[in-house]
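If you want the building blocks of each chain, they are given just below.
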Amino acid sequence: MKRNLLISIWMTLATTVLLGVIYPLIVTGLAQAIFPQQANGELIQAGGKVVGSKLIGQPFTAPGYFHSRPSSAGAGYDATQSGGSNLAPTNKALLDRVSANAHAMQMENPNAPVPIDLVTASASGLDPDISPAAAAFQIHRVARERHMKDDDVSMLVKAHTLERQFGFLGEPRVNVLELNLDLDSVHPLR
């Protein structure tokens with residue numbers, strides 16, 4: 001009995017050290033050595049200071065910027081409260097919010113269909129990307145506010161459009177933060 005107790009204590013200590021300390025240190029060290037940018041959150045710097053992450057969306061509300069997807073994470077893009085609203089597709093609050101978002105987008109660009117990702121939040125509420133259609137929907141507003149040609153803004157969107165990974169995974173996407181930072185460097189808001 002005493003021997004079994006000692007064995008179980010030693011096994012608990014050994015597995016705790018092995019799986020709770022040594023393994024995480026090895027995995028963290030390998031990640032830092034092989035993928036340092038990704039392991040550190042793919043932070044984006046501008047002017048020598050961190051302005052965001054390539055992996056987490058941010059709210060952009062000024063008309064001269066491309067807008068991100070709506071967020072249901074806390075008060076909006078709060079990584080500590082990531083998660084969808086969990087509202088059913090027939091929930092009145094969800095329907096009212098999507099309808100209000102669609103109406104606001106329709107006012108901005110009345111002759112174009114509103115892309116779904118501009119009126120609905122993602123599952124995490126933290127998406128950093130929008131679809132190329134959502135970016136195209138916003139080109140005229142951004143160009144007008146920045147006193148640029150639509151074609152020039154369209155070329156920037158095209159330059160920031162990432163295709164499907166390996167040609168078949170995911171959907172084409174545009175990182176909103178990177179696009180807006182590039183806009184600021186090419187043609188700052190006045």
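Residues numbered from 1 in each chain as written. Predicted model: local features only at pLDDT ≥ 70, side-chain atom pairs only at ≥ 80, totals over all residues. Heavy atoms only, no water.

A. The arrangement of the overall build of the chain in detail. A count of helices and strands for the chain gives six helices and five strands. For the chain, the sequential pattern of α-helices and β-strands runs α-α-β-β-α-β-α-α-β-β-α. Relative to the globule expectation of 16 Å for 190 residues, the C-alpha radius of gyration of the chain, 23 Å, shows a markedly less compact shape. Structurally, the chain occupies a C-alpha span of about 80 × 45 × 35 Å along its principal axes. Put simply, the chain has 190 residues, and 27% of those count as buried. Partitioning the contacts of the chain with sequence separation of at least 6, the portion at a separation of at least 24 is 56%. Carbon together with sulfur atoms contributes 63% to the accessible area of the chain, which is approximately 12,200 Å² in total. Between the mean site of the 15 positive side-chain charges and the mean site of the 16 negative ones, the chain shows a separation of 8 Å. (Helix = DSSP H or I, 4+ residues; strand = E, 2+ residues; numbered from the N terminus. Rg over C-alpha atoms; globule rule 2.2 N^0.38 Å. Buried < 20%, exposed > 50% of the residue type's maximum accessible area, 1.4 Å probe, protein only. Contact = heavy atoms within 4.5 Å. Areas by Shrake-Rupley, 256 points an atom, 1.4 Å probe, with all protein chains shown as cover. Lys, Arg positive; Asp, Glu negative; His and termini not counted. Charge placed at Lys NZ, Arg CZ, Asp CG, Glu CD.)

B. Highlighting a nonpolar patch on the surface. Taken together, the side chains of V17, L18, L19, V21, I22, Y23, L25, I26, V27, L30, I34 and F35 define a hydrophobic patch exposed on the protein surface, amounting to about 1,200 Å² of accessible area. Take I34: it is sitting in helix α1 (residues 2-34). Using a relative accessible area of 54% as the deciding quantity, one classes I34 as exposed. (Patch = residues over 30% accessible without salt bridge, like charges linked within 9 Å, V, L, I, M, F, W, Y side chains within 5 Å. Salt bridge = Lys/Arg side-chain N within 4 Å of Asp/Glu carboxyl O.)

C. Local environment of the nonpolar core. Residues F66, V153 and V157 are the most contacted members of the largest nonpolar core, which totals 23 residues. Those elements giving two or more residues to this core turn out to be α4 (132-146), α5 (150-159) and α6 (176-186). The residues touching V157, leaving out its near neighbours within four places in the chain, are F66, A135, I139, V174 and L179. (Core = buried A, V, L, I, M, F, W, Y, C linked by side-chain atoms within 4.5 Å.)

D. Molecular detail of the packing of aromatic side chains. In total, this model carries one aromatic pair according to the counting rule given. Considering the side-chain rings of F60 and Y65, the 5.6 Å spacing of their centres and the 35° angle between planes classify their relative orientation as tilted. Accessibility assignment for this pair places F60 and Y65 in one class, buried. One cation-aromatic arrangement involves R146 over Y65; the distance from NZ or CZ to the ring centre is 4.8 Å. (Phe/Tyr/Trp six-rings, centres within 6.5 Å; stacked < 30°, edge-to-face > 60°. Lys NZ or Arg CZ within 6 Å of the ring centre and 35° of its normal.)

E. Main features of the environment of L95. When you line up the elements, L95 lands in helix α3 (residues 92-108). With 25 residues separating them along the chain, L95 and T120 place their C-alpha atoms 9.9 Å apart. Contacts of L95, omitting those with residues within four sequence positions, involve P89 and T90.

F. Summary view of the pattern of salt bridges. The full count for this structure, using the stated rule, is seven salt bridges. Residue E108 pairs with R141 through a salt bridge whose shortest N-O separation is 3.0 Å. With a gap of 33 residues between them, E108 in helix α3 and R141 in helix α4 connect regions that are remote in the sequence. With a relative accessible area of 24%, E108 lands in the partly exposed category. With a shortest N-O distance of 2.9 Å, D184 and R146 are connected by a salt bridge.

G. How the structure looks around unusual backbone geometry. Phi angles above zero are rare outside glycine, and E42 is one such case at about 45°. Along the polypeptide, E42 turns up in the loop between α2 (36-39) and β1 (43-46). The exposure class assigned to E42 is buried, which follows from its relative accessible area of 13%. Backbone geometry at F166 places phi at a positive 60°, although glycine is not the residue there. Locating F166 in the fold gives a position in the loop between β4 (161-162) and β5 (173-175).

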